[in-house]
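A look at the structure
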Amino acid sequence: MSSGPGQIYYEKNEAFEQLVAEDQIFESRIRLLIFCACLGYNRNRRAHDHDDNGETRWMFIDNNQILSVMVASLAYAATDDPEVLMQPEEQVDILVQYGAGGSRLLVDRVLDEPGDNLDLLIELLEEERDSDEFSDRVDIISEIEQEVSSL
Amino acid sequence: MELDTLRVKNFRQFYDEQQIEFANGDQNVTVIHGSNGAGKSTLLNAFIWLFYEEIELSRPERIASERAMAEINIGQSVDVAVELTFAHEDQRYEARRTATFEKARENDLTGQKIDTDISVEYTDGSGNWKRRSNPQNTLEQILPERLRDLFFFDGETIDQLTAIDSQDRVQMAIQNIMGIEILERAIRHLEHVENEFEDEVDEHATDELSELITEKRQIKTELDDITDRLEEVQSSRTEAKREIEEIDDRLRELEDSRELQQRRDHLQSELDDLEKEIENINTDIAQEISDTGHLVFGLPAIEKTAEMLRDKRQKGEIPSRIKSHFVEDLLDLEECICGRPLEAGTPARESVKQWQERAGSTELEEQAMSIVGRLTEIGDMQEDLFDTIDTLLEQRSTARDKKQQTIEELDDIQDKLQEVETEDISQLESRRSQLIDKREEFAQEVGRLENQRDDLTDDIDDIEAKISEAREQSDLAEQARRRQLVAEHLRRKLEALFEQYQHDVRESINDRVNEIFRDIIAKDYYAKIDDDYSLLILKDVGQQEAVSVAKSTGERQVASLSFIASLVSLARERYEDDADATHFTGGIYPIVMDSPFGTLDPEYQKSVSKVMPEMANQVVVLVTQSQWSDAVEGELDTVSGRKYNLEYHNPSESDAINYEYTVIQEDKTQAEVVQ
């Protein structure tokens, strides 16, 4: 279902109940949704057939610059269309699609695995940190920032 | 209710007819002395038998005096009676319960009960005596059975009110005194009504609805079973905890274990701190992941977007030299900045119009600036995340190592205590070890049962939603369903009211309990009824923190006495206050206490004695001579309006006495005797 700014309808699986309400690892559902969307993008898990049983508000993203940059970047990376940076509705659609893919992966990799959920999450982050591209990527971003900072 | 005279005739060891007149007014304490076995508890039971026809003593079937039974022949009978005269709500009453026991054989000292009777007489408005047609109900109304433990109690055992698992008793006492069991009964009744309407819905329902109702009932039954089991396991767990605390107390007292137990206390406290530290570290790690964890996976998308922006920058698209907005203004004005007209259809206008498409978008530029402006921050956050997590993980690892060492040292202490040659200590430690295992098992079972209970509650909610949604074809079923919903609605309202009222009452009693408790206790402790109705004894540590203190039996007894006194005082206050008597009109009740000083040290005996006259309008105290210390006598002497001695005639002490019996003797002062 298409969600536009105002309300965001997303797939809310058991990861949201467990990691937000029970374990209190994520301070809000919107934080977890964005985490899942980034994970989904990173692991190429985009679910067009997602449920829309969860509801949150665009305002929570719009009021936070870092989250706004993240959501806009996901949308551009998914579409290669610079215009999407000016289209919050499109950004939300992409967010919930990757969010659904990422949260399903999170259930497999964290909730369904034996062990402490926090430690399993740390493990997941460490895997990405150890990848070859990771440190290069941080450097590239800094370079670009310097180059484009004259804007 | 104001007690006047109690007469007993051939009741247990009280041979023939004897009486006690109760003190009231300024000297409202009646003191009854008696050695162990002299009949103090029997006197307490005389009240209980009169009001409720029950005996809380060994061999309750032996109601008639053994001496009286021994003195009659086979076929003859003994009359037993307990009679109480009292005043209640401006009327005088005389209540009398009798029983007749016939001797069946030569050595029959119990007898066969051949007749019983109860009568209640009262004075009408003109002062004439009249007889109640429903005496048992009258007595029940005057002193309801649910209140009996509060007004007729054994002081040596009331400290149980402060036991860890006594929340139910405290809660029940509060409900009883405030009369809110009426609400509870209404709630139970409405549940019953709901079930009846549900039966009706079921009878007229479609197959689908009927199946849903059946399914709901099955789940409800399962839920009830799990709830019962949960209560049982929780109670066992708290009992295990209590027993461990008691063993720890004992190990602290015993010389051969004191040092090891003190070391264990210290290590246990360290272990608690380490667990708290690990928990805090985990919270910090979680906070980091929540705040910035997404960047770890989202970085490629940010990089791709940044590259796109760099590309546009290199192509000169951002920032563009000409803004689209500027071109639009020229076209609207139909004049170029050089002054050439830009009328429609002219080549000049077409030339300027082409710039509109090539000019940069202001919106894109704003977005680009917004993104670029955050890139360094994002990069830093990203790097900081792992640095912070690394540091926290290191701290956690250190804390976990320390925790492991502490656990090992605690295990060593356990082994050492089990090996102590003193039999008591090794047995205590073995028992403690078993209890700790059990406590762990109970905790796991509680967790499992709570999960099951929550799942089943969710299932019931789902099914109820489906039942509500199910469209009924039958009018009768629909009507019953509506009625069921009304009953459910009322029940929920009453439940909310019940909770609120109970909460208000607890708050009100809380202040009184503490006030009375602190009047008695010299230490810097205070008493409180917790949210879960535990009667706690607390001590302040720091400005906003209080801890439950290890209590001696004496302190627990004082807390329990304070609790009962606060209930009596609240009941009296409500009785005297006309306002707000929706559920409870209150009442004036006496307190009859058997051995209230039993386990108190002399200091507490004195303090309890001091507040005793304030505890109720009338106080009856049954004590042994050893409990009647100088301290108690000093406080109670001036407020004791009546004193009695129970003169016990013990057959084992004299050949002239064949059967035990007790004579009640009033202890008069020299002045009274002369008069």
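Regarding the environment of leucine 32 of chain A
Its place among the elements puts leucine 32 of chain A in helix H2 (residues 29-42). A sequence separation of 16 residues divides leucine 32 of chain A from phenylalanine 16 of chain A, and the C-alpha atoms of the two residues are 7.2 Å apart.

So, the pairing of strand S12 (residues 591-594) of chain B
Residue and element names in this part refer to chain B. Burial along S12 is two-sided: the face carrying Ile591 and Met593 and the face carrying Val592 and Asp594 are both buried. Note: strand S8 (residues 152-154) against S12, 3 bridges, orientation parallel. Residue pairing for S12: phenylalanine 153 is matched across the bridge by methionine 593. Of the pairings in the sheet, the one linking S12 to strand S13 (residues 619-623) comprises 4 bridges and is parallel in character. Among the inter-strand pairings, aspartate 594 is bridged to a residue of S13, identified as leucine 622.

What about the interface of chain B and chain A?
Chain B puts 53 residues into the contact, and the matching count from chain A is 46 residues. When the area that chain B buries against chain A is broken down by residue, the three leading residues are Ile289, His294 and Phe297 of chain B, summing to 16%. In this assembly, chain B and chain A are joined by 3 salt bridges. For arginine 129 of chain A, the salt bridge identified is with aspartate 390 of chain B, shortest N-O distance 2.7 Å. Inspection of the chain B/chain A interface yields 10 residue pairs in polar contact (both at pLDDT 80 or more). The greatest single-element share of the side of chain B that touches chain A, amounting to 27 residues, is contributed by helix H8 (residues 255-315) of chain B.

Concerning the packing of helix H5 (residues 88-111) of chain A against helix H6 (residues 117-130) of chain A
Pairs of packed helices are described in terms of their axes, by the angle between the two and the distance that separates them. Residues and elements named next belong to chain A. Where H5 contacts H6, the two axes come as close as 9 Å, and the packing angle between them is 115 degrees. As far as their axial angle goes, H6 and H5 are roughly perpendicular. From H5, Leu106, Arg109, Val110 and Leu111 reach across to H6, where they touch Asn117, Leu120, Leu121, Leu124 and Glu127. Looking at the contact of H5 with H6, its residues break down into 6 nonpolar, 1 polar and 2 charged.

Thresholds, definitions, all that
- Residues numbered from 1 in each chain as written.
- Chains lettered and ligands numbered in written order.
- Predicted model: local features only at pLDDT ≥ 70, side-chain atom pairs only at ≥ 80, totals over all residues.
- Heavy atoms only, no water.
- Helix = DSSP H or I, 4+ residues; strand = E, 2+ residues; numbered from the N terminus.
- Buried < 20%, exposed > 50% of the residue type's maximum accessible area, 1.4 Å probe, protein only.
- Pairing = 2+ DSSP bridges.
- Contact = heavy atoms within 4.5 Å.
- Buried area = accessible area lost by both parts, 1.4 Å probe.
- Salt bridge = Lys/Arg side-chain N within 4 Å of Asp/Glu carboxyl O.
- Polar contact = N/O pair within 3.5 Å; in protein donor to acceptor, adjacent residues only side chain to side chain.
- Axes fitted to C-alpha atoms, helices over the stretch in contact; angles between N-to-C directions.
- Parallel < 35°, antiparallel > 145°, perpendicular 65-115°, else oblique.
- Nonpolar A, V, L, I, M, F, W, Y, C, P; charged D, E, K, R; others polar.

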